[in-house]
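Remarks on the overall topology
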Amino acid sequence: MHRIHFTLLLALVGSAAIAAQSPGDVLVQGRSVGVATHGQTTTVEGTQAINDATAAAVVGALESRFDGQAVQFRLGDVLSERASLRDIALHGRGEIRFKATEAWLPISFDALYDTDTQTVQSPSITLGAQHMAHEDGTLPLDGLQTRVGKAMSTEFSSQRVSFDLQQASVIGGDGQRIVVEGNGIAKFDGEGREDVIVQAVYDRRSGRWIDASYEFGIALPSRNDVATR
């Protein structure tokens, strides 16, 4: 069974793509990237190429994920290891903020850097918790359930699937936007059920969910529940 993840696949977005972003979109502040396998090292130029390609890919992926809303990205520390003769696996952290806001939101990401094309492939981005959780009964969780259910129906168009959001918690936000993490169950017609982990962002100003990503896996422990369905 094919499964969709938090990952937003972004094919062949390279360091050249950073030129398409305005200078304020990307802030590279992390420590140098070093290849940790077989004693290999990365030159200053090579480190900069990796940082640029990573930042461009993450910004592009996030703006697509957040319905085109512009974001700034501050690259933090990045660890790397040789995945193959051609690819370097990247494991990093950073922060993002939406334009016209001051609050930075933590993220983590995993990606592959292609040393031949100098591009970052398939960045997998996870929104981090800020430990700002609080109860918020105004969140339209029915809308979140519907959005995730529609996404699953599109992904699995050859079979009937339904989604039940069972629990959701606020894990962060910037005042206007709320970051939510939750658990649910996907029921596949004739193929049983799967645990689902959901991450989403709700925009208070527009009154809509601007992001709803999911992956299949073990349900997360509850963190400051907003609601239990």
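Residues numbered from 1 in each chain as written. Predicted model: local features only at pLDDT ≥ 70, side-chain atom pairs only at ≥ 80, totals over all residues. Heavy atoms only, no water.

1. Quick look at the overall build of the protein chain
As a reminder of what qualifies: Each helix corresponds to a stretch of at least 4 residues labelled H or I by DSSP, and each strand to a stretch of at least 2 residues labelled E; elements are numbered beginning at the N terminus. Residue exposure (1.4 Å probe, protein chains only): buried if accessible area is under 20% of the type maximum, exposed if over 50%, otherwise partly exposed. Here, two residues are considered to be in contact whenever any of their heavy atoms come within 4.5 Å of each other.
When helices and strands are tallied, the protein chain shows two helices and eleven strands. Ordered by position in the sequence, the α and β elements of the protein chain form the string β-β-α-β-β-β-β-α-β-β-β-β-β. Across the 229 residues that make up the protein chain, the buried fraction comes to 46%. Relative to all contacts within the protein chain whose residues are 6 or more apart in sequence, the contacts with residues 24 or more apart total 61%.

2. Details of the packing of aromatic side chains
Going by this rule: Classification of ring pairs rests on two measures: the distance between centres of Phe, Tyr or Trp rings, Trp counted by its six-membered ring, which must be within 6.5 Å, and the angle between planes, read as stacked under 30 degrees, edge-to-face over 60 and tilted in between. To sit over a ring, a charge needs its Lys NZ or Arg CZ within 6 Å of the ring centre and within 35 degrees of the ring normal.
Within the structure shown, the criterion is met by seven aromatic pairs. Each ring, one from Tyr 214 and one from Phe 216, has its centre 6.0 Å from the other, and the planes form 90°; the classification is edge-to-face. One aromatic cluster is present, formed by Phe 156, Phe 188, Tyr 214 and Phe 216 through successive ring pairs. Here Arg 74 stacks its cationic end above the ring of Trp 104, 4.0 Å away from the centre of that ring.

3. Details of helix α2 (residues 141–155)
Basically, it comes down to this: Take the number of residues in a helix, subtract one, and multiply by 1.5 Å to get its expected span. Think of the arc as the fan of directions from the helix axis to the C-beta atoms.
For α2, with 15 residues, the first-to-last C-alpha span of 21 Å sits near the 21 Å given by 1.5 Å per residue. When α2 is considered as a whole, its buried residues turn out to be Leu 141, Leu 144, Gln 145, Val 148, Gly 149 and Met 152. Projected down its long axis, α2 shows its buried positions confined to an angular sector of 130°, all on one face. Opposite the buried face of α2, at more than 90 degrees from it, the exposed residues are Lys 150 and Thr 154.

4. Looking at the nonpolar core
This is how the line gets drawn: Each nonpolar core is a collection of buried residues, namely Ala, Val, Leu, Ile, Met, Phe, Trp, Tyr and Cys, held together in the definition by side-chain atoms within 4.5 Å.
Core analysis: the biggest nonpolar cluster contains 30 residues, and Leu 62, Phe 66, Phe 73, Ile 96, Ile 107 and Tyr 113 have the highest contact counts within it. Examining the composition of this core, we find that nine residues originate from one element, helix α1 (residues 44–65), more than from any other. With sequence-adjacent residues up to four places away left out, Phe 66 is seen in contact with Val 71, Ile 96, Phe 98, Leu 127, Val 201, Ile 210 and Asp 211. Listed in part, the 23 residues of the second largest apolar core include Phe 156, Ile 178, Trp 209 and Tyr 214.

5. Here we look at the pairing of strand β6 (residues 119–127)
Test applied: Only strands that DSSP links by at least two bridges are regarded as paired with each other.
Relative to β6, strand β5 (residues 105–114) runs antiparallel, the two being bridged by seven bridges. In the strand pairing of β6, Leu 112 is matched with Gln 121. Here β5 folds back onto β6, and the loop between the two strands holds four residues, one of which, Gln 118, carries a positive phi near 55°.

6. Quick look at the side chain of Glu 181
Note the threshold: N or O atoms closer than or at 3.5 Å make up a polar contact, with two conditions inside protein: a donor-capable atom paired with an acceptor-capable one, and, for residues adjacent in sequence, both atoms drawn from side chains.
Within the fold, Glu 181 resides in strand β8 (residues 177–188). Of the polar contacts made by the side chain of Glu 181, one reaches the side chain of Gln 199; its length is 3.2 Å.

7. Considering the confidence of the model for the protein chain
We apply this condition: The pLDDT value tells you how sure the predictor is about a given residue, anywhere from 0 up to 100.
Residues of the protein chain with pLDDT of at least 70 account for 74%, and the chain-wide mean is 79. The element-level mean pLDDT for the protein chain is lowest in strand β1 (residues 13–14), coming to 30, with α2 highest at 95. Confidence drops under a pLDDT of 50 for residues 1–24, and excluding neighbours within four residues, the segment shows 63 contacts in the predicted structure. The model gives residues 224–229 a pLDDT under 50, and that stretch makes 24 contacts with residues more than four places away or in other chains.

8. Description of the side chain of Thr 54
Position of Thr 54 among the secondary structure elements: in helix α1. Residue class for Thr 54 comes out buried when judged on its relative accessible area of 1%. Residues contacting Thr 54, with those up to four places away along its chain left out, are Leu 75, Leu 90, Phe 109 and Val 120.

9. Some remarks on the pairing of strand β4 (residues 87–98)
For strand β3 (residues 71–82) and β4, the ladder comprises ten bridges, and the chain directions are antiparallel. Looking at β4, one finds that Leu 79 is bridged to His 91. The hairpin formed by β3 and β4 contains four residues between the paired strands. Pairing of β4 with β5 involves ten bridges; the strand directions are antiparallel. Looking at the pairing, Glu 95 lines up with Pro 106 of β5. Counted between consecutive antiparallel strands, the loop separating β4 from β5 contains six residues, among which Ala 100 sits at a positive phi close to 70°.

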